[in-house]
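Structural features, examined
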Amino acid sequence: MEPVVLRNWQLRSALPSDTELYGFARDLNVSDIVGRLLWLRGIQSVEAARTFLSSRLADLPDPALLPDMERACERLVKALQRGEKIAVHGDYDVDGITGCSLLVEMLSAFGAKVVYHIPLRLVDGYGLSEDAIRDAHRQGCTVIVSVDCGVSAHQEAEVASMLGLDLIVTDHHQPPETLPRCYALINPHLAENRFPWPNLAGVGVAFFLILGLRRSLRSIGYFTERSEPDVRFVLDLVALGTIADIVPLSGVNRILVKQGLQLLEKSVRPGITELKKVAQVKEVNSGVVGFRLAPRLNAAGRLEDAAMGVELLLNREVNAASELAEFLDNCNRDRQVVEQQTLQEAIAMVENGLDNDLYSIVLAKENWHAGVIGIVASRLVERYHRPVVMIALEHGEGKGSARSISGFHLHDALGQCSDLLRGFGGHAMAAGLTIAEEALESFRSAFETVARTSLSKTNLQPTLNHDGEISLSSLSLDVQEQIDQLNPYGAGNPLPTFIGRDCRVYNCRVVGDKHLKFDVEQEDSFMPAIAFGMAERMAECSGRLDLLFRPGINEWRGERSLQLQIIDFHQAGEQTNG
């Protein structure tokens, strides 16, 4: 199988008439280009656009709209009043780490006695751990609150019930047809959900539990004789987990992340301050969180013990936080080495052993590290644009991570192959599974059949969405600052991307071994450009080109200037479907 080279350019969605778009922008008191960007992101009413741009905490929905919220809060209020010990059970990814940290910090601030558990990826596997439930019972806990896991934990819920523990599940993964029997189950994807924004991350669900609990405590006068903690100070954790989990950064998530990024910038907790130091972060945005901070928090869970991430986030002692941050940074370096080796092995297996006419990629190998196969699966999706399942085999059993493309719902697809799996869970775009090694070939065939049923050849051709054509002369620092009102960017709110037609490219050179840097001229406008990771396209980078680019502000030695980040390019006139 060969890597996908050609990518189609496509306008994100249909635009209204120029008159209607102009009126929309005028009513919002924003520039035409900002009006266009909002419209293309599905924000097509003045009220929705104002809410989007303001992103006020006051616009957050009522926590009680989530299923079982009031029941969960009533039980936690009793636990606080009686002095019961509460166990928090998180997960080993950034969403689970931040969600666990948030619950531990806030429940403790409310006066609870709290212990926590983060599973070991290579020992416990995904989800609620029966051993952890038994350990919580031995420690005298009477309530367990899960975060980012538990919606499929039938056996574990039965164990908790047998031991007399009240299990409160907070999760955001797709629920199975039959739900576990537990004291309360808070999940925005349940049928009885009334919460207007179901696409919360696990840490987001945990945050709304804290909001609901605070309201319940206020209603009984709980804070009359004790200070009330400010829940806004955990929004940095919400932003970290939400961005890392790649849920849509619109609606409620946008409000939470926008406020949380301000806290991350201020570094109100020592662990974040030290993490930013080792990651050499000077200014925080969603991209920095996703590519610099989150991978370091994730690294311990992939190779060592994810509980170290919780320790870092909760630690208030600078020296201890510094040591933990250094450890996580070293784990991240080790992870990168393992990941790169696994990626090269996977590429060799695909390009030397798989046909181009396959609609899916399922790879398995002994000695692959289960902690990195999810990242590698994402890299393979980028390279071949097919659903990918990577499976690490050990002692006859496989632990798999899967990543998908648009138009292919992974969780549903795995459901159609469930008779061949020992277990699975996840979302439309990312999932995990366990499988017996002897079932591997049957699964590979069944998964390919599902892919062929669900996808067409057109789906296998990657598409780069954009926000329309623009002339370079219409860009300026002032315009870019207006565009940046749409921050924070991420899933569901992509970076503004435009087409520049018939641009003359000159002075093209390779920088940093992997990147191209060149100058762009269009009519009487001139601008520098950078194309990350495109050094192999040096020979194409000349003459008159159509450019797909993202404008941005580059700061160097105190000077601010516009720079184009090139996403793709073709000879002028070659790409006409934009």
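Keep in mind that this is a model prediction, so the values were computed, not measured. For every chain, the first residue of its written sequence is number 1, and the numbers climb from 1 along that sequence. Owing to the predicted nature of the model, reporting of local features is limited to residues with pLDDT of at least 70; listing and counting of side-chain atom pairs is limited to 80 or more, with chain, interface and lining totals taken over all residues. The side-chain quantities take in all heavy atoms of the structure and omit both hydrogens and water.

Observations concerning the pattern of salt bridges
Should their charged atoms come close, side chains of opposite charge can pair. The salt bridge definition used is simple: a Lys or Arg side-chain nitrogen within 4 Å of an Asp or Glu carboxyl oxygen. Counted under the stated rule, the structure contains 34 salt bridges. Salt-bridge contacts for Arg12 lead to Asp467; the nearest nitrogen and oxygen are separated by 2.8 Å. In this pair, Arg12 is assigned in the loop between β1 (8–11) and α1 (18–28) and Asp467 in the loop between β12 (463–466) and α18 (477–483), connecting sequence segments 455 residues apart. With a shortest N-O distance of 2.9 Å, Glu351 and Arg383 are connected by a salt bridge. Starting at the N terminus, helices and strands are each numbered in turn, a helix being any DSSP run of H or I of at least four residues and a strand any DSSP run of E of at least two.

Digging into the pairing of strand β3 (residues 113–117)
Paired strands, as defined in this entry, are two strands with at least two bridges between them according to DSSP. As paired strands, strand β2 (residues 85–89) and β3 are joined by 5 bridges and run parallel to one another. By the bridge assignment, Lys85 is partnered in β3 with Lys113. In the classification by handedness, the crossover that spans β2, the intervening helix α5 (residues 94–109) and the parallel β3 is right-handed. Handedness of a crossover is defined as follows: with both strands directed away from the viewer, a clockwise route from the first strand across the helix to the second makes it right-handed.

Quick look at the environment of Gln485
The topology assignment puts Gln485 in the loop between α18 and β13 (498–511). For the pair Gln485 and Phe52, spaced 433 residues apart in sequence, the C-alpha to C-alpha distance is 9.7 Å. The contact definition used throughout considers only heavy atoms, calling two residues in contact when any of these lie within 4.5 Å. Apart from residues lying up to four places away in sequence, Gln485 is in contact with Val34, Leu53, Arg254 and Lys258. Counting of polar contacts relies on pairs of N or O atoms within 3.5 Å, with two restrictions inside protein: one atom must be capable of donating a hydrogen and the other of accepting it, and residues adjacent in sequence are counted only when both atoms are side-chain atoms. Side-chain polar atoms of Gln485 contact the backbone oxygen of Gln482, separated by 3.1 Å.

Examining the layout of surface pockets
The space that makes up the second largest pocket amounts to roughly 300 Å³. Considering the residues around the second largest pocket, the lining is formed by 17 residues, among which Thr51, Phe52, Ser250, Gly251 and Val252 are closest to the centre. Here the element with the most residues in the lining of the second largest pocket is helix α10 (residues 251–266); it accounts for 4 residues. Under the scheme applied, nonpolar residues are Ala, Val, Leu, Ile, Met, Phe, Trp, Tyr, Cys and Pro; charged residues are Asp, Glu, Lys and Arg; polar residues are all the others, including Gly. Grouping the constituent residues of the lining of the second largest pocket by class yields 8 nonpolar, 6 polar and 3 charged. Here a cavity is any set of points on a 1 Å grid over the protein atoms alone where a 1.4 Å probe fits but cannot get out, and a pocket is any open set with protein on both sides within 12 Å along at least 5 of 7 lines; a residue lines the site when it has an atom within 4 Å of a point. Grid points are joined across faces, edges and corners, and a volume is the space filled by probe spheres set on the points.

Describing the sheet that holds β3
Pairing in this open sheet of 5 strands is parallel, and the strands run β3-β2-β4-β5-β6 from one edge to the other. Each edge of the open sheet carries a strand with a single partner, namely β3 and β6 (184–186). Strand-to-strand twist of the sheet, defined as the mean angle between neighbouring strand axes without regard to direction, takes the value 20°. To define axes, lines are fitted to C-alpha atoms, for helices over the stretch in contact only, and angles between the resulting N-to-C directions are given on a 0 to 180 degree scale. Of the strands in this sheet, β2, β4 (141–147), β5 (166–170) and β6 touch helix α4 (residues 69–82), which is tilted by about 140° from β4.

Concerning the packing of aromatic side chains
Aromatic contacts are taken between Phe, Tyr and Trp rings whose centres are within 6.5 Å, Trp giving its six-membered ring; a plane angle under 30 degrees counts as stacked, one over 60 as edge-to-face, and the others as tilted. Scanning the model with the defined rule gives 8 aromatic pairs in all. Each ring, one from Phe443 and one from Phe447, has its centre 5.5 Å from the other, and the planes form 35°; the classification is tilted. Here the residue Phe443 and the residue Phe447 both occupy positions in helix α17 (residues 440–454), the gap between them amounting to 4 residues, near one helical turn. The rule is simple: take the accessible area with a 1.4 Å probe, protein chains only, and divide by the maximum for that residue type; under 20% is buried, over 50% is exposed, in between is partly exposed. The class for Phe443 is buried, based on a relative accessible area of 0%. Pairing Phe498 with Phe549 gives two aromatic rings, centres 6.3 Å apart and planes at 50°, and the pair type is tilted. With Phe498 in strand β13 and Phe549 in strand β16 (residues 543–556), the pair connects residues that are 51 residues apart, well separated along the chain. Since its relative accessible area comes to 0%, Phe498 is described here as buried. Residue Phe549 is classed as buried on the basis of its relative accessible area of 0%. Positioned above the aromatic ring of Tyr183, the side-chain terminus of Arg71 is 3.8 Å from the ring centre. Note that Arg537 overlies the ring of Phe569, its terminal NZ or CZ placed 4.0 Å from the centroid. By definition, being over a ring means that NZ of Lys or CZ of Arg is both within 6 Å of the ring centre and within 35 degrees of the ring normal.

Considering α17
The α-helix winds at 3.6 residues per turn, so residues separated by three or four positions along the chain end up facing the same way. To estimate the expected span of a helix, count its residues, drop one, and scale the result by 1.5 Å. The end-to-end C-alpha distance of α17, which contains 15 residues, comes to 21 Å, matching closely the 21 Å that a straight helix rising 1.5 Å per residue would cover. Within the span of α17, buried status applies to Leu440, Phe443, Phe447, Glu448, Val450 and Ala451. Taken down its axis, α17 places every buried residue within 160° of arc, on the same side. Exposed residues on α17 whose side chains face more than 90 degrees from its buried face are Glu441 and Thr453. Packed against the buried residues of α17 are β7 (361–366), β8 (388–394), α16 (410–416) and β11 (430–436). Of all possible arcs, the one meant is that of the directions from the helix axis to the C-beta atoms.

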